[in-house]
Amino acid sequence: MTAMPMLAALELRPVGEASFEATPQRVPWPKAYGGDLVAAALAAADRTVEPGRAVHSMHSYFMRPAEILQPVRYDVEVLRDGRSYGTREVRAFQDDRLIYIALVSYHVRERGLAHQAQMPDVPEPESLPSSAQALAGVEGPAADYWSHDRSFDMRHIPSPVYLSVEGEHTGQQALWLRSFGPLADDPALHRVALAYACDYTILEPVLRAHGYAWMDDGLVTASLDHAMWFHRDGRVDDWVLYVQNAESAQDGRGLARGHFFSRDGVHIATVLQEGVIRTPAAATAGR
C-alpha cells in the first residue's frame, strides 16, 4: 500500500454526466474502510457544485459492506440550488448493488453569529508515541496497517486501544492526527481529507468505555450511519486534534461524538457516528 492510500481512494473517474468511479483501497480485512466511501462521495458531490459554495453538512448511511479494490460508482443528483444553500444526493453502487447513500448540503458563506466549542488542554503531539512506536515489535497485517499503511499519523490520548485498554475504562479519548504527506492548498481537499479520517477511530471511545480493544477475538464492528458538520477551514496536513466521546451503547450498536480542532484551537468540524459493536460476551448472552 502507498504512504497515502487516501489519495488513491479519491481518484475519481467520470463515467457519466454526474457519475464517477473510485476504488476502495486495500485493508487487512474483507470489508473496505468506511472513510473511502464518505470521502469519495463528498469529492463526487463537490464536482457538481459551482465555485463559492462549500459543504457545511453531510449525512450518510452505510447499507452494505464494500469490497476492497473493486470499483464503486457514485451517482450524484442535484436536489436543489438556491441562492444560499444547495443539496446533493449521492448513491454509491458496487456491482449494481446500492451500498451507501449520502445527503450533502452546501452554503454560500455569509456573516453571522459566531462562537465555538473549546479545545481541551492535552499533551502536544510531539510528546506522544506514534502508532508505529506503540506497536513496535507487534507483527501481522493489522499491526502493519495501523502502524504504516493508513494515510495519517495518529497519536492517542491517553493511549491506543489496538491491543488492550490501559487504565480507566472511560468513554472519552482524543488523538492528534496529521496526513503523512503534504496536501494541495485547496480547502475543499482538506475537508474531504477530514471526512476520510473521521471514521478511523470514532467508535473507539465506546470500546474504551467497556474495556474492549481492536485485537480482541470475536469483536465485530461496522459503520451504520454518519453525520458531519464542517464549521471552519483547517489543514489536515498539520496536526488536528480529534476529541471523542461515547454517547450511548445498546442493542449491539454504539454512538460516538467527535470534535475536530486545529492545533491553535479553531473548531473545524463535528462528527456523530453510530456503528455495529458486537462482542463475544454479548453474543454468548444472547444464545
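I will try to describe carefully the structure that is included in this document. Just so it is clear, the model here is predicted, and its values are computed rather than measured. (Residues numbered from 1 in each chain as written. Predicted model: local features only at pLDDT ≥ 70, side-chain atom pairs only at ≥ 80, totals over all residues. Heavy atoms only, no water.)

Notes on empty space enclosed by the protein
Inspection of the entire model under this criterion finds 2 cavities of 30 Å³ or more. Taken as a whole, the largest cavity holds about 50 Å³ of empty space. Forming the boundary of the largest cavity are Pro187, His190, Arg191, Leu194, Phe230, Arg232, Asp233, Gly234, Val236 and Ile268. At 4 residues, the largest contribution of residues to the lining of the largest cavity is made by helix α5 (residues 187-197). The residue inventory of the lining of the largest cavity, partitioned by class, reads 5 nonpolar, 2 polar and 3 charged. (1 Å grid on protein atoms, 1.4 Å probe; cavity = no way out; pocket = protein on both sides within 12 Å on 5 of 7 lines; lining within 4 Å. Points joined across faces, edges and corners; volume = space filled by probe spheres on them. Helix = DSSP H or I, 4+ residues; strand = E, 2+ residues; numbered from the N terminus. Nonpolar A, V, L, I, M, F, W, Y, C, P; charged D, E, K, R; others polar.)

A look at the pattern of salt bridges
In the structure shown here, the tally under the stated rule is 15 salt bridges. Via salt bridges that share partners, Arg73, Asp75 and Asp96 belong to a single interconnected network. (Salt bridge = Lys/Arg side-chain N within 4 Å of Asp/Glu carboxyl O.)

Digging into the environment of valine 55
Relative to the assigned elements, valine 55 resides in strand β3 (residues 53-62). When the C-alpha atoms of valine 55 and leucine 183 are compared, they prove to be 19 Å apart, with 128 residues separating the residues in sequence. When residues no more than four places from it in sequence are discounted, the contact partners of valine 55 are Leu42, Val104, Ser105, Tyr106, Arg191 and Phe230. (Contact = heavy atoms within 4.5 Å.)

Some details on the pairing of strand β12 (residues 267-278)
Summarising burial for β12: 10 of the 12 residues are buried, a large majority. Across 10 bridges, strand β9 (residues 220-230) lies against β12 in antiparallel orientation. Counterpart to alanine 222 in the pairing with β12 is valine 276. As paired strands, strand β11 (residues 253-262) and β12 are joined by 9 bridges and run antiparallel to one another. The residue of β12 that forms the bridge with arginine 253 is valine 276. Adjacent in sequence and paired antiparallel, β11 and β12 are bridged by 4 residues, among which glycine 265 carries a positive phi angle near 95 degrees. (Buried < 20%, exposed > 50% of the residue type's maximum accessible area, 1.4 Å probe, protein only. Pairing = 2+ DSSP bridges.)

Section: α5
In terms of burial, α5 is a largely internal element, 8 of the 11 residues being buried. Every buried residue of α5 is listed here: His190, Arg191, Val192, Ala193, Leu194, Ala195, Tyr196 and Ala197. The N-capping residue of α5, defined by a side-chain oxygen 3.0 Å from the backbone nitrogen of alanine 188, is aspartate 186. (Polar contact = N/O pair within 3.5 Å; in protein donor to acceptor, adjacent residues only side chain to side chain.)

Focus on the side chain of histidine 226
Here histidine 226 lies in strand β9. Looking at histidine 226, its side chain comes within polar contact range of the side chain of glutamine 273, at 2.9 Å. When near neighbours in sequence (up to four residues on either side) are disregarded, histidine 226 contacts Val38, Met58, His59, Ser60, Phe62, Cys198, Val271, Leu272 and Gln273.

Considerations on the packing of helix α2 (residues 34-46) against α5
Their axes nearest at 7 Å, the elements α2 and α5 cross at an angle of 155 degrees. The angle between α2 and α5 falls in the class roughly antiparallel. Crossing geometry of α2 relative to α5 is assigned as right-handed. Touching Gly35, Asp36, Val38, Ala39, Leu42, Ala43 and Asp46 of α2 are Ala188, Arg191, Val192, Ala195 and Tyr196, all from α5. (Axes fitted to C-alpha atoms, helices over the stretch in contact; angles between N-to-C directions. Parallel < 35°, antiparallel > 145°, perpendicular 65-115°, else oblique. Left-handed = near helix turned anticlockwise from the far one by under 90°.)

Quick notes on the pairing of strand β6 (residues 97-108)
By the criterion of burial, β6 is predominantly enclosed, with 9 of the 12 residues buried. Sheet analysis places β3 next to β6, joined by 9 bridges and oriented antiparallel. When the sheet's bridge partners are listed, phenylalanine 62 is paired in β6 with tyrosine 100. Once strand β5 (residues 85-94) ends, the chain turns through 2 residues before running back antiparallel as β6, passing aspartate 95 with a positive phi of about 55 degrees.

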